[in-house]
Each structure stands twice: as C-alpha cells, then as structure tokens.
Number of protein chains: 2
Amino acid sequence: MTPTITVSRWLDLLQSAGCRVTAPRRAIVELMVGTSRALGPIEVYDLGRTEHPGLGLVTVYRTLEKLEELGLIERVHLPDGCHRYLRTADGHQHLLLCTTCGLVQTFAGDDLDPLTGKVASDTGFAINEHWLQFFGTCPNCRKPISTLSES
Amino acid sequence: MTPTITVSRWLDLLQSAGCRVTAPRRAIVELMVGTSRALGPIEVYDLGRTEHPGLGLVTVYRTLEKLEELGLIERVHLPDGCHRYLRTADGHQHLLLCTTCGLVQTFAGDDLDPLTGKVASDTGFAINEHWLQFFGTCPNCRKPISTLSES
DNA sequence: TTGTAATTGAAAATCATTTTCAATACAAGG
DNA sequence: CCTTGTATTGAAAATGATTTTCAATTACAA
Ligand SMILES: [Mn+2]
Ligand SMILES: [Mn+2]
Ligand SMILES: [Zn+2]
Ligand SMILES: [Zn+2]
C-alpha cells in the first residue's frame, strides 16, 4: 500500500471513529505513516510544524493518543525510554532497531513456542505474551566513512 | 548466595566504587536485594521508610542511579513504562513477569542465534543485542478464588 | 580524635504531560 | 451554498516526576 493510500486509510479510520479530519491531524498522520523511525512527542511537534506551522504540542499528545487507541501506532520500548511511537506492523512482527540512526525494520518468523512451553512448565506460569526485539547497526550505518559519499 | 551475603556484597561493591555506606543506602540495598518485583522510586521510598524513616525521595533516586551504574540493578520495561528497577540476574537471562501481581522470574535457554542469523542476512543489519521477555500469570495468581484461603 | 570530602533531605528548579478554557473550524443538514 | 452544533485547537495554567541547589550532617581515612 502506497504511503498516500495509507494516509487516507488512517484518516478514514479516524473519521469512522467519530473524529474530524483536521489539518493538524493530517500533518501528524502523514508524518507517522511516512517515517521508519520511532518518534517522540517533541520530534513529532518539530517535524509536524514544517507541514502545519501553527501545530501545538498539546495536539500532538492528543493525536498520538488517539492513533494509539486505534492501534495504528504503538509505543516502542528502547534502552533510553518508551516515549516514542511507530506505526504498527501487520500481523505478528517484531522490531529490529538500528542503534546508530534509529531506523526500524520488522521481522517475523520467530518460533518461541517450544521455549515458551518449557518455561511455562518449569515455572508454573501461564504465558500469554512475549516481547522480542533485536538491536544492531543498519546497512547504511555500517558503511565505513570512506564510502559515505557514494551513497 | 543468601540475601544477607548479597547485601554485604553490594555494600562492599559500593564502597569499592568510592561510595560511603550509609543508613539510607543500606535500607535501599536491602530492599532491592530482597524483592522479586520491579520497584519504582516511590515504592522504594515508601518501603524504605519503614526501615529508615527519615529517607528522602532524592536519596532514592540517587541510590538507584548508582546501583544501576554498578550493574547491580536494571530498569525493567513494562507495558506501562520503564521506571521500575530490579536486581540484575547472573549471566544471560530473560524476564518472565506476572501481569497480575508483578512477580518477576528469570529464565535462560533461549537460542535465538539461528533467527538472529537469518534476520541479519535478510536485512543486512549487524545484530548485536536482543531483548526477550515473557508475560503471563504466576502460579499463585492462577489459583481460583475458592482456594485462595488455603495458600 | 580530627579533618575533610561525600552524603543527606528540604526546597526550588526544571522538564514532560495533562487539564482548562475561550476561540475556531469541521461536517451534517437544510 | 449557508447555518448550526459540536469536536478540536492552541495558549496558559496545573500537575507530576525528576533534577539541581545548598546548608547541615556524617562516614571514614589518617
Ligand atoms: Mn513472536
Ligand atoms: Mn537471550
Ligand atoms: Zn542506522
Ligand atoms: Zn502473580
């Protein structure tokens, strides 16, 4: 799905939820749809004002909260905190984060069922959720200095 | 290692790091060594004052920060935030958390190397760390109401 | 025992987030 | 295209968490 289509889908979903489609919301939605990094409120505020100069920080908080309620974005947990949001991936996916530039990709295919079963029987817990995240350096950030100008 | 031994080991480590062993620090260390739940600053403050009534919240923040620097405790990431601390486990362990009572256990034995390798070659990332956590209900919280009085 | 630097807790300052509120703008209906 | 009711907005104030400042206290090396 192209970013433009995704933006209108998000706006439609907002409207179906009884919300009005306004310029500030459009700016924030475009931002969150188009970004592959987890963004915090202040970042959204700063980036959003290039699109909609009057944007208020309060509106950023309110809109992020609403998008999270609708499941379109979600909080990302990072070593330095959990105050950044990213668009939600489809299906069961986990995150792979570049610790240098913040780029986020997703991956699937983890099979934790055997481990989950073993841990459950070892401990007596009923396990019903897991968090898995990988951290590393993305291809772009791995490039040596000498080749940076070529990209 | 018994809790008492662990407490003196932590205090020794504090001292080796150039810190003085004081009553407020001792109270906080005893708390963090003896608890199997992730505790936030206010919880540490409240629990700590039963041991050391004059304890100040500022001292709690400062001591938790120092214990984290020494690697004795670490921040736990939970759905509702990452402002709680837990003593660090030995070796490569992951957390299993009870979403009802907050009890935390650890487990080992995850083998994510194959998946890590696959994701690395699929994405071009150099992966150097992973986070894994399980959530569920602990044996005690799984007990039906009718048997609660028996425990 | 003494001297000194680290530590303490209260109070003030700072920073992030939430609430309040009057003005504005969306969108449903005429 | 207007009108109208209500959701939304952003500024300012309020709140809550964390950090900084500072004078008094305390640990501990000598
Ligand atoms: Mn999974
Ligand atoms: Mn592991
Ligand atoms: Zn990168
Ligand atoms: Zn429990």
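Note that the coordinates shown come from a computational prediction; the quantities given were computed from them, not determined experimentally.

Observations regarding the protein's contact with DNA strand C
Now for step 1: Near DNA strand C there are 20 residues, and of these Tyr61 of chain A together with Thr22, Arg25, Thr59 and Arg62 of chain B occur at the shortest range.
Now for step 2: Restricting attention to atoms of DNA strand C within 4 Å of the protein, one finds that 66% of them are sugar or phosphate atoms.
Now for step 3: In this structure, a phosphate oxygen belonging to DNA strand C sits 3.0 Å away from a main-chain N or O atom of arginine 20 of chain B.
Now for step 4: One of the side-chain nitrogen or oxygen atoms of threonine 22 of chain B is found 2.7 Å away from a phosphate oxygen of DNA strand C.
Now for step 5: Elements with a minimum of two residues in the surface near DNA strand C: helix H4 (57-69) of chain A together with helix H2 (23-34) and helix H4 (57-69) of chain B.

Regarding the protein's contact with DNA strand D
Now for step 1: If you check the shell around DNA strand D, you find 21 residues, and the closest are Thr22, Arg25, Thr59 and Arg62 of chain A together with Tyr61 of chain B.
Now for step 2: At the protein interface, 62% of the atoms of DNA strand D within 4 Å belong to sugar or phosphate.
Now for step 3: Here a phosphate oxygen of DNA strand D sits 2.7 Å away from a polar atom, N or O, in the side chain of threonine 22 of chain A.
Now for step 4: With respect to DNA strand D, the side chain of arginine 25 of chain A contributes an N or O atom lying 2.5 Å from a phosphate oxygen.
Now for step 5: The set of elements that each furnish at least two residues to the surface near DNA strand D consists of helix H2 (23-34) and H4 of chain A together with H4 of chain B.
Now for step 6: Looking at the surface near DNA strand D, its residues break down into eight nonpolar, eight polar and five charged.

Comments concerning the pairing of strand S1 (residues 73-78) of chain B
Residue and element names in this part refer to chain B.
Now for step 1: Sheet topology places S1 next to strand S2 (residues 81-87); five bridges connect them, and they run antiparallel. Residue pairing in the sheet places isoleucine 73 in a bridge with arginine 87 of S2.
Now for step 2: Where S1 folds back onto S2 in an antiparallel hairpin, the turn is made up of two residues.

Re the coordination of the manganese ion (ligand 1)
All names here are of chain A.
Now for step 1: For the manganese ion (ligand 1), the full set of protein donor atoms is His92 (NE2), His94 (NE2), Asp110 (OD) and His130 (NE2), at a range of 2.0 to 2.1 Å.
Now for step 2: Between the donor residues of the manganese ion (ligand 1), the gaps in sequence give the motif H-x1-H-x15-D-x19-H. A residue pair is termed long-range when its members are at least 10 positions apart, and histidine 94 in strand S3 (residues 94-98) and histidine 130 in strand S5 (residues 126-137) qualify at 36 residues.

Side note on the domain arrangement of chain A
All names here are of chain A.
Now for step 1: Here the domain parsing of chain A yields domain 1 (1-88) and domain 2 (92-151).
Now for step 2: Measuring from the centre of the C-alpha atoms in domain 1 to the corresponding centre in domain 2 gives 23 Å.
Now for step 3: At the interface, eight residues of domain 1 touch nine residues of domain 2.
Now for step 4: Counting each side, the surface lost to burial between domain 1 and domain 2 is near 610 Å², with a carbon and sulfur contribution of 71%.
Now for step 5: For the domain 1 face of the interface with domain 2, the top three residues by lost area are Ser36, Arg37 and His77, together amounting to 56%.
Now for step 6: Where domain 1 touches domain 2, the interface holds zero salt bridges.
Now for step 7: Across the domain 1-domain 2 interface, the total number found is one residue pair in polar contact (both at pLDDT 80 or more).
Now for step 8: In terms of residues, the side of domain 1 that touches domain 2 owes the most to one element, strand S1 (residues 73-78), which gives three residues.
Now for step 9: Residues of the side of domain 1 that touches domain 2, tallied by class, amount to five nonpolar, two polar and one charged.

As for the side chain of histidine 94 of chain A
Residue and element names in this part refer to chain A.
Now for step 1: Under the relative-accessibility criterion, histidine 94 is labelled buried at 6%.
Now for step 2: At a separation of 3.3 Å, a polar atom in the side chain of histidine 94 contacts the main-chain carbonyl oxygen of leucine 132.
Now for step 3: Excluding residues that lie within four positions of it along the chain, histidine 94 makes contacts with Gln105, Thr106, Phe107, Asp110, His130 and Leu132.

Examining the coordination of the zinc ion (ligand 3)
All names here are of chain A.
Now for step 1: The zinc ion (ligand 3) binds to the protein through Cys98 (SG), Cys101 (SG), Cys138 (SG) and Cys141 (SG), with metal-donor distances spanning 2.2 to 2.3 Å.
Now for step 2: The site at the zinc ion (ligand 3) holds four donor atoms, and with the angles between them running 103 to 113°, its shape is tetrahedral.
Now for step 3: Taken in chain order, the donor set of the zinc ion (ligand 3) reads C-x2-C-x36-C-x2-C. One end of the pair, cysteine 101, is in the loop between S3 and strand S4 (104-107); the other, cysteine 138, is in the loop between S5 and helix H6 (139-142), and 37 residues separate them in sequence.
Now for step 4: Here cysteine 101 falls in the partly exposed class, since its relative accessible area comes to 33%.

The rules we used
- Residues numbered from 1 in each chain as written.
- Chains lettered and ligands numbered in written order.
- Predicted model: local features only at pLDDT ≥ 70, side-chain atom pairs only at ≥ 80, totals over all residues.
- Heavy atoms only, no water.
- Near = heavy atom within 4 Å.
- Polar contact = N/O pair within 3.5 Å; in protein donor to acceptor, adjacent residues only side chain to side chain.
- Helix = DSSP H or I, 4+ residues; strand = E, 2+ residues; numbered from the N terminus.
- Nonpolar A, V, L, I, M, F, W, Y, C, P; charged D, E, K, R; others polar.
- Pairing = 2+ DSSP bridges.
- Donors = N, O, S within 2.8 Å, 3.2 Å for Na, K, Ca; no water.
- Domains from an automatic or database assignment.
- Contact = heavy atoms within 4.5 Å.
- Buried area = accessible area lost by both parts, 1.4 Å probe.
- Salt bridge = Lys/Arg side-chain N within 4 Å of Asp/Glu carboxyl O.
- Buried < 20%, exposed > 50% of the residue type's maximum accessible area, 1.4 Å probe, protein only.
- Tetrahedral: all angles 85-135°; square planar, octahedral: opposite > 155°, others 65-115°.

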